[in-house]
Every structure is written in structure tokens, then in C-alpha cells.
Amino acid sequence: MIAIRGATTIENDTEEEVLSASKELIEKIVKRNSLNEKDIISIITTCTKDIRAAYPGPGIRAANIDVPILSMQEMDVEGSLKHCIRFIIHAEINAVPKHVYLKRAVGLRPDYKEDK
């Protein structure tokens, strides 16, 4: 089993942006790690406290990923990145995880920046 990390940001706290960003993030993680839905055990999502319009779960499910999802609020640390959605995906594969950071979340882990 491996754990795959990912994060993205939204510009405005709207349901449409939360769902769209969540769908984009899960699709990129799945593609980059060559995952199938059956490989995914569960997903934990967190959002910063300034995201209240929607949960990431429906965005994940819109990408045809229907696994157990738990959504939580990220710790509110002074100076931390705002409007940020984070995922940790537990997958039953034998591979080195390829983490995905998008938009302003790239600054959280520039060492994981996807090769262009």
C-alpha cells in the first residue's frame, strides 16, 4: 500500500470551483500514478477554513472515483496558504508514489513539481 499526496487551490470559495478543482486534482493523480478505481482504498481530504461552499467529495466522485472519502478542516496556521484543498490517497499498488501539486499549491512542495 502507498499514500499519494496532492494539493490545489481555488481563487473563490464557490461550489463550482471546489468541485472543479477537486475533480482536476484526482484526475491528475490517477493519471500520473496509473491508478484504477479498484486500486484506491480511501481518500482523506482537507480544506483550509476559508473553504465552506462545498466538500471535495462530489468533485472526486464526478471523476468516477467512488471510494470512502473523509473530509476534514486543515489546521489554521498563521501565514499558511489560503483556499487550499489537500488529498491523501491510500492505494493498493506497488510503486513509488507520484505526488501532484497544482496552481498555488506548487509552492508547498516545489520538489514534486510535475515535469513539463
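So, here is what we can say about the structure in this document. Treat the numbers as computed from the prediction; the structure is a model and nothing was measured.

Before going further, it helps to examine unusual backbone geometry. Leaving glycine aside, a negative phi is the common case for residues, and trans is the common case for peptide bonds. The phi dihedral of S34 falls on the positive side, at around 50°, and the residue is not glycine. Within the fold, S34 resides in the loop between α1 (15–32) and β2 (40–47).

By the criterion of burial, strand β1 (residues 2–9) is predominantly enclosed, with six of the eight residues buried. As judged from the eight bridges shared by β1 and strand β4 (residues 84–91), these two strands associate in the antiparallel manner. Paired with T9 across the two strands is C84, which belongs to β4.

Scanning the model with the defined rule gives eight salt bridges in all. Here D66 makes a salt bridge to R61, at a shortest N to O gap of 3.3 Å.

Let us now look at the side chain of T45. Tracing the sequence through the fold places T45 in strand β2. Filtering out sequence-adjacent residues up to four positions away, T45 remains in contact with P56, I60, I69, L70, S71, M72, R86 and F87.

Turning our attention to the environment of S42. With respect to the helices, strands and loops of the structure, S42 is situated in strand β2. Taking the C-alpha atoms as reference points, S42 and H83, separated by 41 residues in sequence, lie 23 Å from one another. If we ignore the near neighbours within four places in the chain, the residues touching S42 are V67, P68, I88, I89 and H90.

What follows concerns the pairing of β2. Most of β2 sits inside the fold, with six of its eight residues counted as buried. With seven bridges joining them, β2 and β4 adopt antiparallel strand pairing. The partner of S42 across the bridge, within β4, is H90. Bridging between β2 and strand β3 (residues 69–73) involves five bridges; their strand directions are parallel.

Judged by nonpolar contacts, the single largest core of 26 residues is most densely connected at I26, I43, I65 and F87. Of all the elements in the fold, those that place two or more residues in this core are β1, α1, β2 and β4. The element contributing the most residues to this core is α1, with six residues. With sequence-adjacent residues up to four places away left out, I26 is seen in contact with I43, I60, A63, I65, F87 and I89. Judged by nonpolar contacts, the second largest core, of five residues, contains A7, L81, C84 and Y101.

Right, let's get into the sheet that holds β4. Hydrogen bonds along the backbone pair up the strands of a sheet, which may run parallel or antiparallel. The mixed open sheet is built from five strands, whose spatial order is β3-β2-β4-β1-β5. Two strands lie at the open edges of the sheet, namely β3 and β5 (100–101), each paired on one side alone. In this fold α1 packs onto β1, β2, β4 and β5, with an angle of close to 35° to the strand it touches most, β4.

Conventions adopted
Residues numbered from 1 in each chain as written. Predicted model: local features only at pLDDT ≥ 70, side-chain atom pairs only at ≥ 80, totals over all residues. Heavy atoms only, no water. Helix = DSSP H or I, 4+ residues; strand = E, 2+ residues; numbered from the N terminus. Buried < 20%, exposed > 50% of the residue type's maximum accessible area, 1.4 Å probe, protein only. Pairing = 2+ DSSP bridges. Salt bridge = Lys/Arg side-chain N within 4 Å of Asp/Glu carboxyl O. Contact = heavy atoms within 4.5 Å. Core = buried A, V, L, I, M, F, W, Y, C linked by side-chain atoms within 4.5 Å. Axes fitted to C-alpha atoms, helices over the stretch in contact; angles between N-to-C directions.

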